[in-house]
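Examining the three-dimensional arrangement
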Amino acid sequence: MTTELPGFQRYQLAFTARLRDPHNQPSLAGVSGKRMAVYEEIVFNNLFESVSACFPVASKVLGKRKWLKLNQAFIRDYSASSPLFRKIPEQFLQFLNNTDPELQALLPPYLNSLCHYEWIELFVASSPDSAKPNDIEPEGDLGNSKPVFAPTMQLLNYDYAVHKISPQHKPKQPESTQLLVFLSADDQVKFIQLNPVTYRLISLLQNAPLTSIQALTLVAKELQHPQPESIIEFGLSILEDLQSQGVIIGTHY
Amino acid sequence: MATISQIQGSGLGLKRELIPQIQSLYGQQPLANINFVEIAPENWISAGSKATKQLDWIVERYPVVCHGLCLSLGGLSPLNVAFLQQVKTFLHQYQIPIYTEHLSYCTDGFKGEQGYLYDLLPIPFTEEAVHYVAQRIRQTQDILGQRIGVENASFYVAAPISEMSELEFINAVITEADCLLHLDINNIYVNSVNFGFDPHAFLHGIPGDRIIYSHMAGHYEQTPNLLVDTHGENVIDPVWALLEDAYQLFGTFPTLLERDNNIPPLLEIMHEINKIAAYQDKVERRFIASEQLAAMD
C-alpha cells in the first residue's frame, strides 16, 4: 500500500515511524542521527510531560523505569485522535484500557482505576460552563421532588481505594470504593467519598424518574431494611448535606 | 471582538499563566504596547468554565488572533474537518478575524486514525508536497470562508528527497493556495543557522505583500550550528536586525512576541514588546522623513 504513496509521504511515514519507536525503527538514509534525535526527544518529552503531569501518583507508584517504558509504548502503539493537548491524558487512558495482555501483566491491577481517578479531576475541571436548567427550584422540597445534580457531577465506582494509593500505600487487595466528583460554583474540583447506599441512591435519582422519598423507599426495600423510615430519614439528611455542598443545585418543578 | 484592521502594532502571544498579571496591570502604561494578543485554538476550545471566563475577559479588552498548532497542513491523514468546524465556530464566537497555521505536519495517519504527534514536523520540499499542502490550505479556506496565513516553520532535519529550497517551497505553496504569509522572523534565523544560508537574502525572497503579521521569539543554542526553537529565551540581536530589515523592505506589519517556556514576569516580557514597538516607530518615522524629503524635491 505504501508504494502507492507519493515519495514525500513515504519519507514522512519513515520519519514518524522512527519518532514513534527510535529504538527499533531504522534511521533514515541521508539524515543525520544527531539532528533526528532532536525530534525524537521533543516528541517524546512533550507527550511524556503531558501524561506525567496528569498522573503524578500513578507515575510514582509505578516507578521511573516502568513509567518511562509505559510511555514509550504509548507513543509506539497508540494513534492519538484528538488535536487538543488537554486530551492527551484521556488518550493515554484509552491506551491503558487496550494494552496487550503481555504489557498488562507487568502492571499492577489497580493502575487503570488509579489513572482514571487522577484523570477525572482534569476532565471535570475542563467541563463546559453548562447553564443551569431553567425548570429548577433552588429551594424546593427535597423529599417530595426529584433533586437536580450539578451538571459536572460524576459518580465513580472503583474496585480499589484509589484515593488512598501512594508509593507507601499500594493496595494488596481490591476494596470497593464509591466517590463523587463535581465542579463547585467557584470552579474548584471537589471529591466526596460515598457509602454504597448513598451511591445507589444517587444512581437511582440520576437514572429513574423518582422523588427522593420514592428512591429511598426503593433502597430500603432492596436492603430489606426492617425500618424503612430510618433509611428515608438518613437519606434525606445526606441529600441536604449534598445540597449545602453544591452537589444538588435544586429540585425539578 | 475585532476586525483585521484592528490587528496593529505590537502584541503578545497569550499564555494562561500571564493572565492574572495582565488583569492586574490592565489599562496601565506598562502594558500600553500590547495592542493585540494571539491564542492557540487548541488550548481554548472546550477548555472549561474557568478558561472561558478568562477568555471572555481578554476578548472584551483586546483584539485577538488565532494561531493553530495541530491542523497538520502537511499531514498524512485526511484534514480533520470536524476539528476545523470547531475552529470555525470558535472564531465566530469570539469574532477573531485571523487564523494562521504552520507549514508543517503533526499527524501520520497511524492505524487509520489521525495519529497526532503534537509537534511541528518538517515537510519535504517536493513538487508533489507543494500541490498536496496547497490543496489542503484551499480546503481549509473553503471551510472557514476566509483566507488563512501559513507560517514558515523552524526545523532541524533537511529531507534528502527535497527538490527545492525552503524559500521556493513557501513561495510555491502561497501562490498555489492563494493564502497569506505569517512570517516568523526567528524561524528564518534558526533555519539559516541550522542549514547554513543567509537569512537576509531569504527575507528578500519572501512575498512581502502576503504578510499578515509576524512572530518574534528566542531560541536555544544546542551547538553553534544547531538552534532549537524553544521560545524560552530572549530574542537575540541578529533576529532584531532581521526584523528591522523586514520592516525596511516591506513596511511595518503587526508583530508579536512569543514566550512559551521559561516565562519571566510580564513586565520583563514587556521590554521586548516595547522594543518591537520602537522598531516599528523608528522605521515608520524613517519612511515619513523620506517621503517629506521626496515632497520637497
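Quantities reported herein were computed from a predicted structural model and do not represent experimental measurements.

Here we look at the overall build of chain A
Scanning chain A from terminus to terminus reveals 10 helices and 6 strands. Computed over the C-alpha atoms, the radius of gyration of chain A is 24 Å, more than 25% above the 18 Å expected from 2.2 N^0.38 for a compact globule of 253 residues. Each principal axis of the C-alpha atoms in chain A carries an extent, and together these give about 80 × 45 × 35 Å. Taking all 253 residues of chain A together, 30% fall into the buried category.

Digging into the confidence of the model for chain A
With 97% of its residues at a pLDDT of at least 70, chain A reaches an overall mean of 93. Taking the mean pLDDT of every element in chain A, the minimum, 85, falls on strand β1 (residues 136-137) of chain A and the maximum, 98, on helix α1 (residues 7-20) of chain A.

Here we look at the packing of helix α2 (residues 33-54) of chain A against helix α5 (residues 88-97) of chain A
Residue and element names in this part refer to chain A. At a minimum axis distance of 9 Å, the contact between α2 and α5 shows a crossing angle of 85°. Considered as vectors, α2 and α5 are oriented roughly perpendicular to each other. Between α2 and α5, the contacting residues are L47, S50, V51 and C54 on the first element and I88, P89 and F92 on the second. Grouping the constituent residues of the contact of α2 with α5 by class yields 6 nonpolar, 1 polar and no charged.

Examining the sheet that holds strand β4 (residues 177-183) of chain A
Residue and element names in this part refer to chain A. Strand order in this open sheet of 3 strands is β3-β4-β5, and the pairing throughout is antiparallel. Only two strands of the sheet have a single partner each, and these edge strands are β3 (154-158) and β5 (189-194). Geometrically, the sheet is characterised by an average inter-axis angle of 25° between neighbouring strands, direction not taken into account. Taken together, the 5 bridges between β3 and β4 define a ladder with antiparallel strand orientation. Paired with L155 across the bridge in β4 is L180. In this fold helix α8 (residues 196-207) packs onto β3, β4 and β5, with an angle of close to 135° to the strand it touches most, β3.

Here we look at the environment of E101 of chain B
All names here are of chain B. Tracing the backbone shows E101 in strand β4 (residues 99-102). Residues E101 and A153, 52 residues apart in the sequence, show an inter-C-alpha distance of 9.6 Å. Residues contacting E101, with those up to four places away along its chain left out, are G68, L71, L73, I148, V150 and E151.

Considering unusual backbone geometry
For D187 of chain A, which is not glycine, the phi torsion reads 60° and is therefore positive. Within the fold, D187 of chain A resides in the loop between β4 and β5. Of note in this structure, Y118 of chain B is not a glycine but carries a positive phi near 60°. Relative to the elements of secondary structure, Y118 of chain B occurs in strand β6 (residues 116-121). Judged by C-beta crowding, with 20 C-beta atoms within 10 Å, Y118 of chain B ranks as buried.

Description of the nonpolar core
The tendency in soluble globular proteins is for nonpolar side chains to be buried side by side. L114 of chain A together with V133, V150, V173 and I185 of chain B are the most contacted members of the largest nonpolar core, which has 115 residues in total. With 8 residues, helix α10 (residues 266-296) of chain B is the largest single contributor of residues to this core. Apart from the residues within four sequence positions on either side, V150 of chain B is in contact with L73, T100, E101, L103, I137, V173, I174, C179, L181 and H182 of chain B. In this structure, F123, A150, L216 and I231 of chain A belong to the second largest nonpolar core, which totals 22 residues.

Some points on the environment of T107 of chain B
Residues and elements named next belong to chain B. With respect to the helices and strands, the residue T107 is situated in strand β5 (residues 105-107). Note on T107: 28 C-beta atoms within 10 Å, which makes it buried. It is 6.4 Å that separates the C-alpha atoms of T107 and S77, two residues lying 30 residues apart in sequence. Filtering out sequence-adjacent residues up to four positions away, T107 remains in contact with S72, G75, L76, S77, Q114, G115 and Y116.

Let's talk about helix α6 (residues 166-177) of chain B
Residues and elements named next belong to chain B. Spanning 12 residues, α6 covers 16 Å between terminal C-alpha atoms, matching the ideal 16 Å at 1.5 Å per step. Every buried residue of α6 is accounted for by E166, F169, I170, V173, I174 and A177. Projected down its long axis, α6 shows its buried positions confined to an angular sector of 120°, all on one face. Where α6 is buried, its residues meet α5 (127-144), β7 (149-151), β8 (180-184) and α7 (185-195). Directly after α6, the chain includes D178, whose backbone phi takes a positive value near 50°.

Thoughts on the interface of chain B and chain A
Between chain B and chain A, the contact holds 35 residues from the first and 35 residues from the second. Secondary-structure elements contributing two or more residues to the side of chain B that touches chain A are α2 (41-44), α3 (49-61), β6 and α5 of chain B. For the side of chain B that touches chain A, the element with the most residues is β6 of chain B, which contributes 5 residues. Its residues assigned to classes, the side of chain B that touches chain A shows 19 nonpolar, 9 polar and 7 charged.

Focus on helix α9 (residues 237-250) of chain B
Here α9 of chain B spans 20 Å end to end across 14 residues, near enough to the 20 Å set by a 1.5 Å rise per residue. Along its buried surface, α9 of chain B packs onto α7, α8 (199-204), β9 (211-216), β12 (255-257) and α10 of chain B.

What about the sheet that holds β8 of chain B?
All names here are of chain B. Taken in spatial order, the 8 strands close into a barrel running β1-β2-β3-β4-β7-β8-β9-β12, and their pairing is parallel. Taking the axes of each pair of neighbouring strands and ignoring which way they run, one obtains an average angle of 30° across the sheet. Here β4 pairs with β7 via 3 bridges, running parallel. Note on β7: the bridge partner recorded for T100 is G149.

Conventions we followed
Residues numbered from 1 in each chain as written. Chains lettered and ligands numbered in written order. Predicted model: local features only at pLDDT ≥ 70, side-chain atom pairs only at ≥ 80, totals over all residues. Helix = DSSP H or I, 4+ residues; strand = E, 2+ residues; numbered from the N terminus. Rg over C-alpha atoms; globule rule 2.2 N^0.38 Å. Buried ≥ 20, exposed ≤ 12 C-beta atoms within 10 Å, placed from the backbone. pLDDT = per-residue confidence, 0-100. Axes fitted to C-alpha atoms, helices over the stretch in contact; angles between N-to-C directions. Parallel < 35°, antiparallel > 145°, perpendicular 65-115°, else oblique. Contact = placed C-beta atoms within 7 Å. Nonpolar A, V, L, I, M, F, W, Y, C, P; charged D, E, K, R; others polar. Pairing = 2+ DSSP bridges. Core = buried A, V, L, I, M, F, W, Y, C linked by C-beta atoms within 7 Å. Expected span 1.5 Å × (residues − 1). Arc of directions from axis to C-beta.

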